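# Observations on the three-dimensional arrangement
Here is how the chains run, residue by residue.
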Amino acid sequence: MTGRTRAIGMRLAQTVPVIIGVIVISFILTRALPGDPAVYFAGAMADEQSIQQVREALGLDKPLVTQFFLYVGDLAQGDLGRSISTGQPVLTDLAMRLPASLELTLSALVLSCLIAIPLGVLAAVRQGSWVDHLCRLLVTAGVSLPTFFTGIMLVYIFYYLLGWAPSPLGRLDFIYLEPPRVTGFFLIDSLLAGDPETFAAALRQLALPAITLALFTLAPIARMTRAAMLQALSSDYIRTARAAGLSRSKVLFGYGLRNALLPVVTTLGMVFSFVLGANVLVEKVFAWPGIGSYAVEALVASDYAAVQGFVLAMAFLFVTLNLIIDLSYALIDPRIGFDTK
Amino acid sequence: MLSVTNLSVSFRTRRGEVNAVRGISFDLGRGETLGIVGESGSGKSVTSYALLRILDAGGTIRAGDVTYGGVDLRAASERDMRDIRGREISMIFQNPRAALNPIRKVGHQIEDVLRQHGRATRQDARAKAIKALADVRINDPAARYDAYPFELSGGMCQRIVIAIALACDPKLLIADEPTTGLDITTQKTVMDLSRDLIRARGMSSILITHDLGLAAEYCDRLAVMKDGEIVETGIAAAVFAAPQHPYTARLVDATPRPGLGLRDLLPAKARTPLPGHAPGERTLVQVRDLVKTYPGKSGPVHAVKGISFTIREGQSVGLVGESGCGKSTTSSILVRLLDRTSGDILFEGVDIADIPAERFVRDKRRSQIQMVFQDATDSLNPRHSARQTIADPILRMSDLRGARLTARIEELATLCGLPLPLLDRFPHQLSGGQKARVGIARAIALDPKFLILDEPTAALDVSIQAVVLNLLADLRARLGMTYLFVSHDLNVVRLLCDHVIVMQGGEIVEQGPTAQVMDTPSHPYTRNLLAAAPRPPVLAAPMTDQPAAQ
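Scope of this entry: the structure provided in the associated data block. (Residues numbered from 1 in each chain as written. Chains lettered and ligands numbered in written order. Predicted model: local features only at pLDDT ≥ 70, side-chain atom pairs only at ≥ 80, totals over all residues. Heavy atoms only, no water.)

### Re the overall build of chain A
Scanning chain A from terminus to terminus reveals 14 helices and zero strands. If you list the helices and strands of chain A from N to C, you get α-α-α-α-α-α-α-α-α-α-α-α-α-α. For chain A, the spread of C-alpha atoms along the three principal axes comes to 85 × 60 × 40 Å. The buried share of chain A, taken over its 341 residues, is 45%. (Helix = DSSP H or I, 4+ residues; strand = E, 2+ residues; numbered from the N terminus. Buried < 20%, exposed > 50% of the residue type's maximum accessible area, 1.4 Å probe, protein only.)

Here you go:
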């Protein structure tokens, strides 16, 4: 197992240069953005002098290199700066909004996996049957319908026409109080607080946006499951297992699916990273106070600290996520960690 | 015990129904070993899958009866079939590494079978699996229990596959090309092991193989298949000694074995006299202290450890050894696709080892040293027609263009026995033998002096191998080329080469004239290799009145 431990250690060490690179690039990118934040925040009535004052207050008059080192110094102390549009420290803003996005994305992914993986397996096992065609239909629909459209459709049907869903405004209806903050995930926090009513309310709010996102992520996962499963089922070891008289479920799940899961896990990681960044539209449609809408607002306002904080937070998330995927891959596949040089 | 009558199997494909097996019948008695022999596409594997009803998708049994111990296997329910598979009839496969689940410990894979058939409980499964491993003579079975297939050699993997197949004491073992892709000595160990186990347990078995020699050595009776039909059955020795059907006769002829000449492999009417072959005296290639070391995870890997040899002009040198002995590394370095760690390669007296492999492509000697690759399919660009493939080296290395280029390509095709209308076909439209011809035509397009052949016939059926080997002999005589023939098959090397180099573990253990090395081997390793080659029951004297041609 020492080779494996070393491989995992190596993998961890690889994340360091990535993080450094992201810090540098996010800094440079935000400076390259058009627009002058000093002008924006001095207000419409400001004259040349007050703009200059704002600029000095923000530290924007110093050379870029100095600005960068000041920024890195602050980062080292865990200070991401203060957002000039919300007036709050960026760290506080992110801590408020990131869980909202994560809760939405994770529940969407869990939902989508629960549907896509069995669907993909069924489509592979009964290739050419109606399940296979249904799978193809869902996959095509899932990718071709943009999320804002499905979101609005769902709102129209389930809120406006049927009245089953609550108004699509945020994470919790205004008549409920936010549960005491532990993880920032309302579903978990409300359960921890022993408050089933709030849990139900949070779930109702979450349902439509999560379904919207799940529909979108269904496609790649179902497709990959189907393809991987087809490949696994046509391999030699499946024939060996069948020739040895193993039961159908053992052949399909013990031998086929476990091997097919390897590429599915990889896809899952990619889909997750992608969705976390791309769910801005869903957040906008459902007035979800997530990190995506926060970033867009900050970007429009040339709010350097907030944008940098967002990019950094996302980069950390991606790196952590890829790490988890790689490590779980190593858990499923014994060959990993020995083959790598 | 097993009785097959009039079995037909067909596959649904895009181009309609394909009849893979057309009404075959055979019986197998208790304790008997039947060999089903045929070339690729003869339907021999499909037959075995049909017996166990594990045909791939699209395959169905069209007609016929399969009875095993009084049970109609065709009518049996899927649940009954599952009980029969593994417990009554087992199967082992070719390519053992792929036949095992890559991400499951081998011990667990054996336990799966034991527990499926109620031969073990959760408590004693481990002990029984370890016993099954010990039964197939795996050293330290308790430690191997926790191994994954990728940690084991091919021979070890095949033993595991056998352990899985025999775990539940079946009465019949079907072995589908069990040793294809394994080294010759491993082949012998695996075959001997399975024969011993089958005898000790009083089992019957069916051996499916393309190798008539192997089948004749290990089977009581043979059934020869061609295009989905059995053309001949009989006692193994009798089939081999006096084949009744012309196809069987052709197969027997094409099986290389001691005492035969190259032309003897061909059908009797195609046996033209073999052109004379006399190596010159001048040295063409001299290799001195060649060393290749690869960086590895656990220290450097010494692939080639300081070997020296000389190849004279016009000589055909066989480089033999088992996988991992360094023969492929040596040939890649000689053809200058790989850089050596140290040592000299003198080509016509000039050292070419110092020219880096990536620059050698622009060296004028590139056209002098060419290669024929092992896998005729994988070494052709699937999007190039045969004509483009053969033209490729000419366009790169010479200034032949237009009508003269076309003429040259057609000349090469004729030389290699490739019908001209096939020149505009793509690799997937050509047969294995035709692809081999394209590969050879490409290699000789620039009139090389030195041709390196890396197991050029390993992937071919024996009858096609016979034709290709003879083609190589003819080309050698026509063009005066020097060959380095890399192979693991000593019988093939014996036919084509004047000089043999035997490698083991990166070193040359023996070299000398073919007859000397083959008939009076001095090194124990060479003796081992020679002893491992399948020995057909009747070592027939040459079946024609022609003397052995070399």
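### Describing empty space enclosed by the protein
All names here are of chain B. Within the structure shown, the criterion is met by four cavities of 30 Å³ or more. The volume enclosed by the largest cavity comes to roughly 80 Å³. Surrounding the largest cavity, Met371, Val372, Phe373, Ala376, Ser379, Lys435, Ala436, Gly439, Ile440, Arg442, Pro456 and Val468 form its lining. If you list the elements that add at least two residues to the lining of the largest cavity, you get β16 (369-372) and α15 (432-444). Ranked by residue count, the leading element in the lining of the largest cavity is α15, at five residues. A breakdown of the residues in the lining of the largest cavity according to their chemical character gives eight nonpolar, two polar and two charged. (1 Å grid on protein atoms, 1.4 Å probe; cavity = no way out; pocket = protein on both sides within 12 Å on 5 of 7 lines; lining within 4 Å. Points joined across faces, edges and corners; volume = space filled by probe spheres on them. Nonpolar A, V, L, I, M, F, W, Y, C, P; charged D, E, K, R; others polar.)

### A closer look at the environment of Asn528(B)
Along the polypeptide, Asn528(B) turns up in helix α19 (residues 524-532). Taking the C-alpha atoms as reference points, Asn528(B) and Thr185(B), 343 residues apart in sequence, are found 7.3 Å from one another.

### Structural notes on the pairing of strand β11 (residues 283-294) of chain B
Residues and elements named next belong to chain B. The pairing of β11 with strand β12 (residues 301-312) spans nine bridges and is antiparallel. Across the sheet, residue Gln286 finds its bridge partner in β12, namely Thr310. As paired strands, β11 and strand β14 (residues 342-347) are joined by five bridges and run antiparallel to one another. Residue pairing for β14: Val287 is matched across the bridge by Ile345. (Pairing = 2+ DSSP bridges.)

On their own, these measurements won't tell you what the molecule is for.
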